[in-house]
Amino acid sequence: MTSWIIILAASILSIIWVVMFFRQLTSGLTATALDDKFTWGLYVQGFFYFSALAGGILIFIALVSLFEISTLRPLAETAAVVSFACLVSAALLLGSDLGKPFRGARILTGKNFASPLTWDFYMLSICGILNLVFLLGLIPGKGFLNMVWSVLCLIAALGYVMIHTLFFLSRVEAGFRSQPFFGMDTLAQSLWGGMALVNLIALASGYKTPGLTTLLIVLTVLALIPLAGAKIASLGSTNKGFSQIKIIALDVAVLIILLLIRLFSPGNPIYLSIVSVLILTAVFLEKSHLIRQYQRKPTLPLPYSRYEEVPDYSPTLGEWALTAGSVGVCTLLISLMLYLKMP
Amino acid sequence: MVIDLQKCVGCNSCTVACRAEQGTPAGVHFHKVVKYEAGRYPNAKMKFLPMPCMHCQNPPCLKVCPTGATYQCEDGLVLIDHDKCIGCRACMVACPYETRHFLWDVACYFDGQLPTPFEQVKQDSFDRGTVVKCNFCVQRLVQGRLPACVETCPSQARTFGDLDDPESEASRLIVLHRGTRFREELGTEPSVYYIKG
Amino acid sequence: MARKKTDYERMLKSIKTTQEWFEPSPYKWQRVDPKEKGGKKTLYGLCRACMQGDCSTLVHLEDGVVTRVEGNPDTPPNYGSLCAKGNAEIMGLYNPYRVKTPMVRTNPLKGLDVDPMWKEVSWGEAMDLTAEGLKKVREKDARGLVICEGWGERDTIFRQPFGHAFGTPNEIGSHGALCTVHYATGLIQSGYPVAVVDLEYCQYHITLGRSLGPNFGIVPGMRKFSKAVERGMKLVVVDPRSSYEASKGEWVPIRPGTDLAFLLAMAHVILHEIKVYDKFFLLNRTNAPYLIGPDGKYVREAGKGKPLMWDDLENKAKPFDAQFGEIALQGTREISGVTCKTAFDMICEEYVRYTPEWAEEICTVPAKTIRRLAKEFIENARIGSTIEIDGFTFPFRPASLNVERNVTNRRGGTYADLVGKIINMLVGNIEVPGGCLSCSYRGPIMGPTGDGTVTPGYEAVPKPFKFPPDHLSMAEFYPHQHTAPHLAINAILNPEKYHLPYRAEAWMSVGGNPIRQNAQPESYVEGFKKLSFVVSIAYHMDEVAILSDVLLPEHSALERFRVAPFYLQHQSIDNEVNGLKMIQLREAVPPLFNTRHVDDIFMELAERLGILYGEGGLYDQLNKAIDWVDKADGLNMNGQWKLDVEKKYTLEEIFDRQIRGWPYSDGKGLEDLKKKGNIQYWKPRKEFYLYYYFPDNKTRHPIYMTGLKEVGDELRANLEKHNIGFPGIENMDYIFDLYRPIPHWVETSEYKPPKEYDLWAINWKTPYIGNDASNLTGNPWLAEIYAKDPWESVILLNPVTAQRKRLDEGARIVVESRYGKIEGRLRISELFHPDAVGVGGSYGLGTRQSSPLNRLGPNFNALLSLEDKTLDGVSGGQDTAPAVKIYREEVKL
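Since we're looking at a predicted model, the values are computed, not measured.

(A) The arrangement of the overall build of chain A in detail. For chain A, the helix and strand inventory stands at 11 helices and 0 strands. Ordered by position from the N terminus, the helices and strands of chain A form the series α-α-α-α-α-α-α-α-α-α-α. Over its C-alpha trace chain A gives a radius of gyration of 20 Å, about what one expects of a compact globule, namely 20 Å for 343 residues. Along the three orthogonal principal directions, the C-alpha set of chain A runs to about 65 × 50 × 40 Å. Long-range pairs, those at least 24 residues apart, make up 80% of the contacts in chain A between residues at least 6 apart in sequence.

In structure tokens:
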């Protein structure tokens, strides 16, 4: 019953996505709250979010396959469906964000390998292909092909996650605001969110995953370190880092909750679901912070920028609708593929 | 380009000449003059920073463009091939000088009105959903003329020339007055120098 | 679901929600004419976006559409550069808010927010109605027609002749009441309109209340200024605001409206403390040594002959043009039992009390600074030095001081202007290289009168008294007035008070908009409602147009065919144009709408009124007219090229004749002009400095203003003869205190106001909006930029003052003077004196049917006053720094 409700909701959201996308095609990106000072918003944030989740899950799957942990294999197969759907959502959101979405394939012909976006595109495509291959059951549980696939998947997923650190974020401000913690940050967020999603999948499909709580605790700590480091490194600046504090506070709260669960009621599905949703929210907020912190910058240094307006961004209803729509498409795809997988 | 900040009086002739020459849509200016105050009463002064595209020699926008729409020609100018641009706006996030504009919409000048004949003629080349920016009036350069902003400046504060040629007026001014560049520490190697500022 | 608004769009939105505005349907522009497709054309242009209106441009057309207006390279005065306003002219052409066809009002109710319910008519009908309306007025009393001119239309040669042919003396400029800056230069140097700095040689310049070019974006001024600054010229700007120019030199903040005190103190320091001045100049080129009797007049030879000076060597008084052993600059003497002093002594005596400490109390400039500036001024003037130009030796004085409208426009403003001249005369820099130069006709105009002093020129020549008065603008009572729309509207509202023997019936507007650009707009609207017929030769739907009965649409600036003489620039001068005589051509862009050239309108109107041909007709008046500024060097109808008053001419034919009759055209005509767009003639540079024509002791500049006293005495006598007081003023002394021969301290109407009015509002021109030519406020290209400019269309306040008043950045506040109030957004800026409230540019008011941009921003003019007691009695100038109070705007519930 609940599955039918979910499918219905997902279908409605998908239709919303289609409508909003076509609206955007006709009126251009003026339907969003973006402007020249604040060019990347909810869509790019959503793109980062979904691809981070997909990356995290793929790393999990790759490790499961590489080390041939057969007990986790079924979970991995279900998780693969989710990660593929996430990749598709990410692609839809990115497509919605482009000024000329139907020219998107030019990234292939552009061949500008200095650009992190090109690498993004290639890596994500490879991830998608590998994921699809896995989904179609073409990868056996063991053997040479399995190892090759796992290694490739690991490289592609890790590569995608780390690419922004290596190329983009540091170059964007060319040392102005980049910090050494970014690589760790994106990787940690990706794994953390991915595992939380896997946890949810496990809980939903009634899988027993002992040790997952411990893993989540470790990953939370791992996620906190770069955030705290970045906050300490930026303590001297006059930028309002309030949102950073809020995110750190949330992460610490998650840590405490996880510890409490571990100590007092390990394996409790309700608490674990709640904390997983919290983790997913935290990752979403962190992506939002990532997008915003580079764009709220005046042209001149203080105090000369007194007359420049600090750009603000608050997504319009349309943008939320489109993003929610892509979640709906994601869910619909998951349902469809699961339905097809299970006769 | 070399801009003399002592001569610049913030009149914005360059900005409007650029608009007239390029016919950019409403809300889009390839050139801007940032105006600010320095000092406290009674020693307060107005200050101005004219900013065309810096045409960096190490341009961050070129590096992040996934389709290669942004390219650098052999003169050193950084230009955009509008047929290749997909409107991802990575270049705008990458540019530390906020010099690029995304055509969210090709709006007309008089709010609530239809495009004037000027816009009808000039704005065919503006494609909604792509990114545009200053191109140092390359269409004038090939005719042997100077960019519109340089020619129109009433204070003659701007000089345009070959930075590779040490005898050119631009190079000499940079050496004579120890020209500096805006946000040099980012490593972008801009081609626009400021003197006496 | 709209995206974030740009500043420009937010501006527009705020107007639309707070003010009434009718939503027009968008104007459907015609598509490009297929015949023009692929065509490229370039026309010679003459920019008209600012007061100067002399930048040579090239107008490029593609497919029959104007796509670029740029400077014409290698052509003076701009040599290829062009300011923002000039570049934006295209939007003045393709402006959907223009008046596009003749229209007639059908709604008898009038108001700025009242829909006239226009009816479109043919040109024939509109002209018929206009001719009928004007004919009625002419038959009743020709003086009943007011022709109001302004900067909106400066491309007409027929406007003044039309007024003369019609028989009305009432040609009134809408612009001059806030810019009465002409008297002193006319009196001291026989020049017009103002005195400017010689940026070619000047090393030290003190400027008050004016611009050298950059402050309001005047191209030739900016060109010269940047070169002078590079050369090392030191500029001192004494102003309540740190402006564009002040940012390139030294800023001396001063309390608004108190410049007279500063100038008097500077003169005091030079006369009594430093005691270094150009003695040779004072003795030989001024009337400083003239002996003055106890009645304040010259002591003359045998009571009525030439004025006397004292020879110290021979120890006796002699007429000024006699041979002298040693002229006495100082000393009290007895001549025929009458005690007399030298004029110089009298000035020194008067100025003893104007110490820098006294001035500091009034104007807040520290006494130390006043002393320092005076010292630097004297040092830099290099008294005694000379320079050779083209083989002629001139005195060289590379220091000067100039004042203009924000100093002269208040009671006592003429005195302030004169004190500025006195300071200049103390270093002897009048009309010599590096010094203080006028900007009109270059020739032997500074010649002496019978009394040996410079013949007053232009507005220093008083208008004759007549009672009852002929002029609606009260020129009989203000004989040195510039233009006086405020006095005219006072006379329309209260004819009995001003002894007017007739009534103003008709108003013909030719580019002048005093409603928005003068003061107390409600009074103007009231006045307009009393008129029986208003016709507007309109470019756009401005305040005058919406109150009109008939609209005769005229071309925009780019569409007006014009041949114009080059006038010297009003901001500054240097060798780029020094000595240049030039005629410039504007080739007209084909008109877009059903508009006409203003001069064609005048010719046709004159024909319908029967005043085109014959003696005294329009053509005859044009024949008789002489260029006001450039006299014989302007474009006049000379000799054989005069018009045959019985024939009809086209504008082209008339211009051709003017060119051929020009003293420097060398036989060329219009066709020759069309080849290069201009005809130039360069005179030798030595002929540019007026000293050249009357060197050494051949003429004397008045430092003791007998001319002022004489006019005042005569006016007083005339008033007493007709047994009337000075209209609008209770005590006549209030006026005649301003006609004394030595400029002294007088209080303005805004000095020591009631306690709650503790600040003064100030205004300035901006680089985007020089004046009302081409409706620049409504130009969207400029609007997009001034929306982002931190100091435009906001109300500016010093941070200490803002804190004291507990007002935050961005708050909506009300600024209220005793005459009106405005509201706007507050911005805090360090660039302002703590007593100043800055409201710059020319924004606001607007009408129900104007471009929405014209309704934007605080309308400074609404704070100003039309009251007689606030004016300067000599020039009639209005006070531009009213005392105001500010408070937070109440939020409407």
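The structure having been displayed, the exposition proceeds.
(B) Highlighting the pattern of salt bridges. Following the criterion strictly, the structure yields 82 salt bridges over all chains and no others. Among the salt bridges present, the one from Arg145 of chain B reaches Glu70 of chain C, with a minimum N-O distance of 2.9 Å. Highlighted residues: Arg145 of chain B in the loop between α5 (138-141) and α6 (148-152) and Glu70 of chain C in strand β3 (residues 65-71), drawn from two different chains. The salt bridge partner of Asp141 of chain C is Arg143 of chain C, with a shortest N-O separation of 3.0 Å. Shared partners join several salt bridges into a network, and the residues in it are Glu21, Arg140, Arg145 and Glu151 of chain B together with Arg68 and Glu70 of chain C.

(C) Summary view of the interface of chain B and chain C. Contacts between the two partners involve 55 residues from chain B, matched on the other side by 70 residues from chain C. When residues of chain B are sorted by the area they lose upon contact with chain C, Tyr41, Met46 and Phe110 of chain B head the list and together hold 15% of the total. If you look at where chain B meets chain C, you find 8 salt bridges. As a salt-bridge pair, Glu830 of chain C and Arg40 of chain B come within 2.4 Å of each other at their nearest N and O atoms. Across the contact surface, chain B and chain C share 27 residue pairs in polar contact (both at pLDDT 80 or more). For the side of chain B that touches chain C, the elements supplying multiple residues, two or more each, are α1 (13-22), β2 (32-38), β3 (45-51), α4 (117-122) and α6 of chain B. With 7 residues, α1 of chain B is the largest single contributor of residues to the side of chain B that touches chain C. Its residues assigned to classes, the side of chain B that touches chain C shows 26 nonpolar, 15 polar and 14 charged.

(D) Structural context of helix α2 (residues 42-66) of chain A. All names here are of chain A. With 25 residues, α2 should cover 36 Å at 1.5 Å per step; its first-to-last C-alpha distance of 35 Å lies within 8% of that length. Of all 25 residues making up α2, 23 are buried, and the element is well covered by its neighbours. Taken from the residues just after α2, Glu68 is the one with a positive phi, measuring 50°.

(E) Highlighting the sheet that holds β3 of chain C. All names here are of chain C. The strand order β1-β2-β3 describes an open sheet built from 3 strands, whose pairing is antiparallel. Of all strands in the sheet, those with a lone pairing partner are β1 (40-46) and β3, marking the two edges. If you compare each strand with its neighbour and ignore which way they point, the axes differ by 25° on average. The sheet contact formed by β1 and strand β2 (residues 56-62) spans 7 bridges and is antiparallel. Pairing of Thr42 across the sheet is with His60, part of β2.

What counts and what doesn't
Residues numbered from 1 in each chain as written. Chains lettered and ligands numbered in written order. Predicted model: local features only at pLDDT ≥ 70, side-chain atom pairs only at ≥ 80, totals over all residues. Heavy atoms only, no water. Helix = DSSP H or I, 4+ residues; strand = E, 2+ residues; numbered from the N terminus. Rg over C-alpha atoms; globule rule 2.2 N^0.38 Å. Contact = heavy atoms within 4.5 Å. Salt bridge = Lys/Arg side-chain N within 4 Å of Asp/Glu carboxyl O. Buried area = accessible area lost by both parts, 1.4 Å probe. Polar contact = N/O pair within 3.5 Å; in protein donor to acceptor, adjacent residues only side chain to side chain. Nonpolar A, V, L, I, M, F, W, Y, C, P; charged D, E, K, R; others polar. Expected span 1.5 Å × (residues − 1). Buried < 20%, exposed > 50% of the residue type's maximum accessible area, 1.4 Å probe, protein only. Pairing = 2+ DSSP bridges. Axes fitted to C-alpha atoms, helices over the stretch in contact; angles between N-to-C directions.

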